[in-house]
Amino acid sequence: MSKKSFRQAINEALRQEMRRDPRVILMGEDVAGGAGAPGDDDAWGGVLGVTKGLVGEFGRERVLDTPLSESAYIGAAAGAAATGLRPVAELMFVDFMGVCFDQIFNQAAKFRYMFGGHAVTPLVIRMMYGAGFRAASQHSQCLYPIFTHIPGLKVVIPSSAYEAKGLLIQAIRDDDPVIFMENKVLYDQEEEVPDESYTIPFGEANLTREGSDVTIVGIGRMVQIANAAADALAKQGISCTVIDPRTTSPLDTGSILDSVEETGRLVIVDEASPRCNMATDISALVAQEAFGALRAPIRMVCPPHVPVPFAPNLEDLYVPDAARVEAAVRAVMQYAGKQGARA
Amino acid sequence: MTGILPVTMPKFGLAMTEGKVVSWAKEEGAVIAVGDELADIETTKITNAYESAVAGVLRRHVAREQEELPVGALIAVVADAAVADSEIDAFIEHFHAEFAARPVETVGDASPEPLVVHIGGRPMRYLETGTEHEGRPIVLLHGFGGDLNNWLFVQPALAERHRVIALDLPGHGGSTKDAGAGDLATLAGAVLDVLRALDVPKAHLVGHSLGGAVALRAALDSPSHAASLTLICPAGLGKEIDDDFTRDFISANRRKLLQPVLAKLFVDESLVSNDMTEDLLRFKRLDGAREALTTIREANFAGGQREILRGRLGELGDIQVQVIWGAEDRIVPPRHAEGLPASVATHVLPGAGHMPHLEKASEVSRLLLDFVE
């Protein structure tokens, strides 16, 4: 056990699974780096260095630099998965999904179903998401709601280094296509991560705080924002449960509903654009299944419905922060209800 | 400002960085002796009674109840009644100033880290403290599903006067998840291998639950390694054991399911914190951990204890044996402490369940120190 960054935790998960299973391969733009060019063979390790060092151990047969053609290599990875390899493809930024989405949602996601359950597609597609990195509108989106919408895909959004390692190993051992979303703001964050391999099952939420007044659901990095808000609120006498669903597909609806049954109040923190995102999805779930438990309207803390701004001051305003979560929690706590409404 | 003694936030276990004074057991002005309970201190993992290491008049509660403070921060001041209040005030101010100015990187530096020794290529983790002391070391062996952190309250007290080595048994903690056959002979063999690798020819063996049976088996298999034996709520002395506990401990894969299982270990069930539960879930997620636990359970506990060593206590010769049991142990019945040879010192602790070294840590520490000395 030692402190490892989010980046190191992902690198270690890839390394350990590649050692354990020779069918695991990496594909992507500059995942090794320097192919075909003079100089250092391991120049990049991906655009932010997550796969650095792996080509040295496993060679270019298993760490494949691809052309700058997402449609080609994501399609090739899906085909390789269907024929027995276990590829981990890196899409770099989620914002590039548009050029290879057919390969993901209409091909990989459908293989198991359309081949009558006889095909398995053990494919992992890693990608960076999230604002706050000064990377502008085309490299800062969340977009996981779009993947979550597709039956046949599993969608994993780790909230910390410990979570990232266990969830990525689980993803690589899973026989279905898994979308693995990495918030690039987290890469340098460190925490205790076991040296040994371990797995965190999909569809099991983690309660990072437990309280009785308000349920806060956070997605990915927003779990940390929710934790910070919950800790500040605890000092003011408001106790919150914070739920990290870990995976948006499958979604641990039971943990969310159980918690709302106890607290009667729900705040959802989602960094994705506010229409048709996880906050609206979870709101609909709770409104339908736990309406009777609610003591206040559900509050969603999301960015505004605009592209991610490049101007740093605007970008900082765009991303939900702990102060906004605290305000939302206070609002649901202070909700008085309409006359005649139940107490 | 001589004669003014600081009482600081203690460090219970490796991970503790801050703690909370839940409540003071002694009021300001109370005369306290060494060993008196001063306060209940809560960490994220567990709450423990904190005993005074100093004697005098408790002049000042510096920490308010429910206040969270870092390890090493001033929580109270003890001094003779003759010391003026102004001197106490000055002492507190001086302490706070020095504490605030301490280099951040030194915080927690003093705590030892567990080490790993490889036996036949397989890692075995241990935590060694009190290395400055000569004489027979004390070796601590945890129970089924536990790890070396189970001794977090006991190991520091012992290490003030002795070299102490807490091990992770095979299948547990940071040790190999290859538990082999998982029976007592295998586990005891692994413990003896570690002692040989660490060049410990003879030690006071202390084992809890499964670790008690392992310690006993190790002493029977290699009597020269055992200076004495302390068995805490041990397996190995009778057939009965809560079969559901070991089964549910393995299968419970979520906090809500595991918490009620762990509650059976304690009299005060509120001691089962979220962090304690989360740590165990994290252990069980490690590759091979659940398989190792299953192997060990099948080999030792499934359908009742498999290897009962009670009849072999006579073979220990002049190795002194002490048995400590929680009077309200719900996992292994305390009546297994009855009918042992007269030479075995038996202590049944009221108010403790299956984890007296967590629930009645200071009593267990005292019994251990008295026994080995």
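Residues numbered from 1 in each chain as written. Chains lettered and ligands numbered in written order. Predicted model: local features only at pLDDT ≥ 70, side-chain atom pairs only at ≥ 80, totals over all residues. Heavy atoms only, no water.

Peer 1: Sorry, what's going on with the sheet that holds strand β13 (residues 266-269) of chain A here?
Peer 2: The strands that make up a sheet pair up through hydrogen bonds in the backbone, lying either parallel or antiparallel. Residues and elements named next belong to chain A. The sheet built from five strands is open, its strands ordered β9-β11-β10-β13-β14 with mixed pairing. A single partner strand is all that each edge strand has here, and the edge strands are β9 (206-209) and β14 (299-301). Strand-to-strand twist of the sheet, defined as the mean angle between neighbouring strand axes without regard to direction, takes the value 25°. Across four bridges, strand β10 (residues 214-218) lies against β13 in parallel orientation. Bridge pairing in β13 places Thr-215 opposite Leu-266. (Pairing = 2+ DSSP bridges. Helix = DSSP H or I, 4+ residues; strand = E, 2+ residues; numbered from the N terminus. Axes fitted to C-alpha atoms, helices over the stretch in contact; angles between N-to-C directions.)

Peer 1: Quick question: what am I supposed to make of the sheet that holds strand β3 (residues 31-32) of chain B here?
Peer 2: All names here are of chain B. The four strands are arranged β1-β8-β6-β3 in an open sheet whose pairing can be described as antiparallel. The open sheet is flanked by β1 (4-8) and β3, the only strands paired with a single partner. Taken strand by strand, helix α1 (residues 85-100) contacts β1, β6 (56-61) and β8 (74-79), and its axis lies near 145° from that of β8. (Contact = heavy atoms within 4.5 Å.)

Peer 1: Mind showing me how you'd approach the environment of A:Val193 here?
Peer 2: Residues and elements named next belong to chain A. Structurally, Val-193 is set in strand β8 (residues 190-193). The buried category is assigned to Val-193, whose relative accessible area is 0%. Residues Val-193 and Ser-2, spaced 191 residues apart in sequence, show a C-alpha to C-alpha distance of 5.9 Å. (Buried < 20%, exposed > 50% of the residue type's maximum accessible area, 1.4 Å probe, protein only.)

Peer 1: Whenever I open this one, empty space enclosed by the protein confuses me. Can you help?
Peer 2: Rolled over the atoms, a probe with the dimensions of a water molecule shows which regions are left empty. Residues and elements named next belong to chain B. All chains considered together, the criterion is met by one cavity of 30 Å³ or more. The computed volume of the largest cavity comes to approximately 40 Å³. Along the walls of the largest cavity sit Leu-184, Ala-213, Ala-235, Gly-236, Asn-300, Phe-301, Gln-305, Arg-306 and Glu-307, which together make up its complete lining. In the lining of the largest cavity, the residues fall into four nonpolar, three polar and two charged. (1 Å grid on protein atoms, 1.4 Å probe; cavity = no way out; pocket = protein on both sides within 12 Å on 5 of 7 lines; lining within 4 Å. Points joined across faces, edges and corners; volume = space filled by probe spheres on them. Nonpolar A, V, L, I, M, F, W, Y, C, P; charged D, E, K, R; others polar.)

Peer 1: It is not clear to me how the domain arrangement of chain A should be interpreted in this structure. Could you clarify?
Peer 2: A common way to state how big an interface is: give the accessible area lost once the parts meet. All names here are of chain A. Structurally, chain A comprises domain 1 (2-193) and domain 2 (206-336). Listed by partner, the interface residues are 27 residues for domain 1 and 26 residues for domain 2. Note on domain 1 versus domain 2: buried area summed over both sides is about 2,100 Å², and carbon and sulfur give 52% of it. Along the contact surface separating domain 1 from domain 2 lie three salt bridges. Ionic pairing is found between Glu-163 and Arg-246, a salt bridge with its closest N-O pair at 2.6 Å. There are 18 residue pairs in polar contact (both at pLDDT 80 or more) connecting domain 1 and domain 2. For the side of domain 1 that touches domain 2, the secondary-structure elements that each account for two or more residues are α6 (144-148), β6 (154-156) and α7 (161-173). (Domains from an automatic or database assignment. Buried area = accessible area lost by both parts, 1.4 Å probe. Salt bridge = Lys/Arg side-chain N within 4 Å of Asp/Glu carboxyl O. Polar contact = N/O pair within 3.5 Å; in protein donor to acceptor, adjacent residues only side chain to side chain.)

Peer 1: What should I look at first to understand the interface of chain B and chain A in this one?
Peer 2: The partner chain A presents 19 residues to the 14 residues of chain B that form the contact. Carbon and sulfur atoms supply 30% of the area that chain B and chain A bury against each other, a total of about 1,300 Å² over both sides. Where chain B packs against chain A, one counts five salt bridges. Measuring nitrogen to oxygen at the nearest pair gives 2.9 Å for the salt bridge that ties B:Arg255 to A:Glu210. On inspection of chain B and its partner chain A, the count reaches eleven residue pairs in polar contact (both at pLDDT 80 or more). Mapped by element, the contributors of at least two residues to the side of chain B that touches chain A are α6 (255-263) and α7 (274-285) of chain B. With four residues, α7(B) is the largest single contributor of residues to the side of chain B that touches chain A. Split into classes, the residues belonging to the side of chain B that touches chain A amount to one nonpolar, five polar and eight charged.

Peer 1: Explain helix α3 (residues 184-197) of chain B to me, please; I cannot follow it from the model alone.
Peer 2: All names here are of chain B. Taking 1.5 Å per residue, 14 residues should reach 20 Å; α3 reaches 20 Å between its end C-alpha atoms and fits that length. The set of residues buried in α3 consists of Leu-184, Leu-187, Ala-188, Ala-190, Val-191, Leu-192, Val-194 and Leu-195. The first or second residue beyond α3 is Asp-199, which carries a positive phi of 60°. (Expected span 1.5 Å × (residues − 1).)

Peer 1: In this structure, what is going on with the packing of α6(B) against α7(B)? I would like to understand it.
Peer 2: For any two helices packed against each other, the geometry is given by the interaxial angle and the distance between the axes. All names here are of chain B. Axis separation between α6 and α7 bottoms out at 10 Å; the angle between their running directions is 110°. Compared by their axis directions, α6 and α7 come out roughly perpendicular. Here α6 contributes Arg-255, Leu-258, Gln-259 and Leu-262 to the contact with α7, which in turn contributes Asn-274, Thr-277, Glu-278, Leu-280, Leu-281 and Lys-284. The class makeup of the residues in the contact of α6 with α7 is four nonpolar, three polar and three charged. (Parallel < 35°, antiparallel > 145°, perpendicular 65-115°, else oblique.)

Peer 1: Where do I start with unusual backbone geometry in this structure?
Peer 2: As a rule of thumb, non-glycine residues mostly have phi less than zero, and peptide bonds are mostly trans rather than cis. Looking along the chain, the bond that leaves A:Ser249 and enters A:Pro250 is cis, with omega of 0°. Within the secondary structure, A:Pro250 is located in the loop between β12 (247-249) and α9 (253-263). We note that A:Met92 has phi near 65°; this positive angle belongs to a residue other than glycine. Among the secondary structure elements, A:Met92 is positioned in strand β4 (residues 86-93). For B:Gln66, which is not glycine, the phi dihedral falls at a positive 75°. Considering the arrangement of structural elements, one finds B:Gln66 in the loop between β6 and β7 (68-70). Relative accessible area serves as the criterion here: at 47%, B:Gln66 is assigned to the partly exposed category.

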